[in-house]
Amino acid sequence: VLLSTSILAENDLYLRDSLTTDVTIQGEFELVATGGSPRIQEVTTQLLLLPQNTFQQQIVRQETSGTISDKVTYRWNGGDIGTKTFSYRATIKTNNQQLKVTRKIPFPLDENEIREFEEYLQPTITIDSNNPTIIAKAAELAEGEDDLFKVVFKLANWVDENVRYDLSTLTAETSQKASWVLENREGVCDEMTSLFVAMARSLGIPARFVSGISYTTSDLFSSPWQPHGWAEVYLPGTGWVSFDITFGEYGYVDVTHIKLRDGFDPQEPATKYEWVARDVDLQASPLDLTASILAKGQLVPEDIQLEEELLSTEVGPGSFNVVKAIV
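Below or above, wherever it landed, is the structure these notes cover. Just so we're clear, the structure is a prediction, and the values are computed from it rather than from any experiment. (Residues numbered from 1 in each chain as written. Predicted model: local features only at pLDDT ≥ 70, side-chain atom pairs only at ≥ 80, totals over all residues. Heavy atoms only, no water.)

## As for the packing of helix α3 (residues 148-162) against helix α5 (residues 189-202)
For any two helices packed against each other, the geometry is given by the interaxial angle and the distance between the axes. Heads up, the condition is: Helix axes use the C-alpha atoms of the stretch in contact, all axes being lines fitted to C-alpha atoms, and the angles between their N-to-C directions lie in the range 0 to 180 degrees. Under the DSSP-based scheme used, a helix requires at least four consecutive residues in state H or I and a strand at least two consecutive residues in state E, with every element numbered from the N terminus. In these notes the angle categories are as follows: under 35 degrees is roughly parallel, over 145 is roughly antiparallel, 65 to 115 is roughly perpendicular, and the rest is oblique. Working rule for handedness: look at the near helix, and if it is turned counterclockwise from the far one by less than a right angle, call the crossing left-handed; if clockwise, right-handed. Note on definitions: a residue-residue contact is assigned when non-hydrogen atoms from the two residues lie within 4.5 Å. Put simply, Ala, Val, Leu, Ile, Met, Phe, Trp, Tyr, Cys and Pro go in the nonpolar bin, Asp, Glu, Lys and Arg in the charged bin, and everything else, Gly too, in the polar bin.
At a closest axis distance of 10 Å, the pairing of α3 and α5 adopts a crossing angle of 150°. Relative to α5, α3 is oriented roughly antiparallel. The element α3 and its partner α5 pack so that their crossing is right-handed. Across the interface between the two elements, V152, L155, A156, W158 and V159 of α3 pack against M192, L195, F196, M199 and A200 of α5. Looking at side-chain class alone, the contact of α3 with α5 contains 10 nonpolar, no polar and no charged residues.

This is how it looks when you write it as structure tokens:
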């Protein structure tokens, strides 16, 4: 048993202090003639899913044929009707670092503490935080609490325990609204996160949606690296703190999480296309995200250490013993 546990720990990426990963994002679109005289002057593509340097991840190397800023821009001048491709590749190192909440933050929040973050309180098409049912449920969960982190933790835990992860809700076109998820109690990571973010916003807590990729050992997926969505909540005095409902990670994310973008709504586009042409249409395909591990860091000791102690080595008939647990 000890050997098996050791082997499992050795292969457990979630327990590493760092991870170096090669990430490739590939896109494709087709230029299709719609008339008798097709002519292309210029095509521009903007890739908006792009890793940034944060306190938890650093870009070691990146390569692309496009121009990199806060996005990657690709241009084709003229050219023929047909298929065009574009790609971005990066080596990213993620570190097991957390923004620790070291003091009690009073709830509800004072307007002055979130003055620059009001836009993260607004409802969107998918995150309909102004829905009466969402407002009522969030208020019920927060009732009697005056500690902000406890409130956010309760919201995350309620979604985790009451919304069933179900891939059948996933469609290629759109995610379900947060209110739909609350009513039907099922969804995928994006939808569970949308409900959590909507509940937080309804209580005056700034929250945003994070798009990225993560590693999974679930047999629901054909490959371990998958597109993934989680949340970040703004805690005054601390910053933007991660909450991943699907992984059960409240206040942090592990090193298999690679952040590609944060925003207001999960339906924000990953790419934008513009073309100047005559008798030509553009038909885009979904992005293909792949990842492979280049290096693993050291195993991190558990934050919570448990010990036990028997207060007596013997016990007589009709008596009892006492076990002391040390946390």
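## Points about the layout of surface pockets
To be explicit about the condition: The distinction between a cavity and a pocket rests on a 1 Å grid over the protein atoms alone: a 1.4 Å probe fits inside a cavity but cannot get out, while a pocket stays open yet meets protein on both sides within 12 Å along at least five of seven lines, and a residue with an atom within 4 Å of a point counts as lining. Grid points are joined across faces, edges and corners, and a volume is the space filled by probe spheres set on the points.
Of the volumes computed, that of the second largest pocket is approximately 540 Å³. What lines the second largest pocket is a set of 21 residues, among which N96, Q98, Y252, E302 and D303 lie closest to the centre. In terms of residue class, the lining of the second largest pocket is built from 12 nonpolar, 3 polar and 6 charged.

## Re α5
Rule in force here: Take the residue count of a helix, subtract one, and multiply by 1.5 Å to get its expected span. A simple rule labels every residue: compare its accessible area, found with a 1.4 Å probe on the protein chains alone, to the largest value its type can have, and call it buried under 20%, exposed over 50%, or partly exposed in between.
Here α5 spans 20 Å end to end across 14 residues, near enough to the 20 Å set by a 1.5 Å rise per residue. Burial within α5 is extensive, with 12 of its 14 residues counted as buried. Within the span of α5, buried status applies to C189, E191, M192, T193, S194, L195, F196, V197, A198, M199, A200 and R201.

## Section: the sheet that holds strand β13 (residues 258-263)
Stated formally: Note on pairing: two strands pair once DSSP finds at least 2 bridges between them.
With antiparallel pairing, 5 strands are arranged side by side in an open sheet as β12-β11-β10-β9-β13. Looking at the sheet topology across the chains shown, the edges are occupied by β12 (249-250) and β13. As judged from the 2 bridges shared by strand β11 (residues 239-244) and β12, these two strands associate in the antiparallel manner. Bridge pairing in β12 links F243 to Y250. Along the sheet, α5 makes contact with β9 (207-215), β10 (225-235), β11 and β13, crossing β10 at roughly 10°.

## Looking at the packing of aromatic side chains
Applied cut-off: Only Phe, Tyr and Trp rings take part, Trp by its six-membered ring, and two of them pair if their centres are within 6.5 Å. Stacked means planes under 30 degrees apart, edge-to-face means over 60, and tilted covers everything else.
A full pass over the atoms with the stated rule returns 18 aromatic pairs. Between F29 and Y273, the aromatic rings sit 5.5 Å apart at their centres with planes inclined by 65°, giving edge-to-face as the arrangement. A residue pair is termed long-range when its members are at least 10 positions apart, and F29 in strand β1 (residues 18-33) and Y273 in strand β14 (residues 271-278) qualify at 244 residues. As far as the burial class goes, F29 and Y273 line up, both buried. Taking 4.9 Å as the distance between ring centres and 70° as the angle between the ring planes, the aromatic pair formed by Y120 and W240 counts as edge-to-face. Of this pair, Y120 sits in the loop between β6 (82-95) and α2 (132-142) while W240 sits in strand β11, and the two are 120 residues apart along the sequence.

## Brief notes about the environment of E308
Tracing the backbone through its elements, the reader meets E308 in strand β17 (residues 307-310). Sequence separation between E308 and D128 is 180 residues; the distance between their C-alpha atoms is 48 Å.

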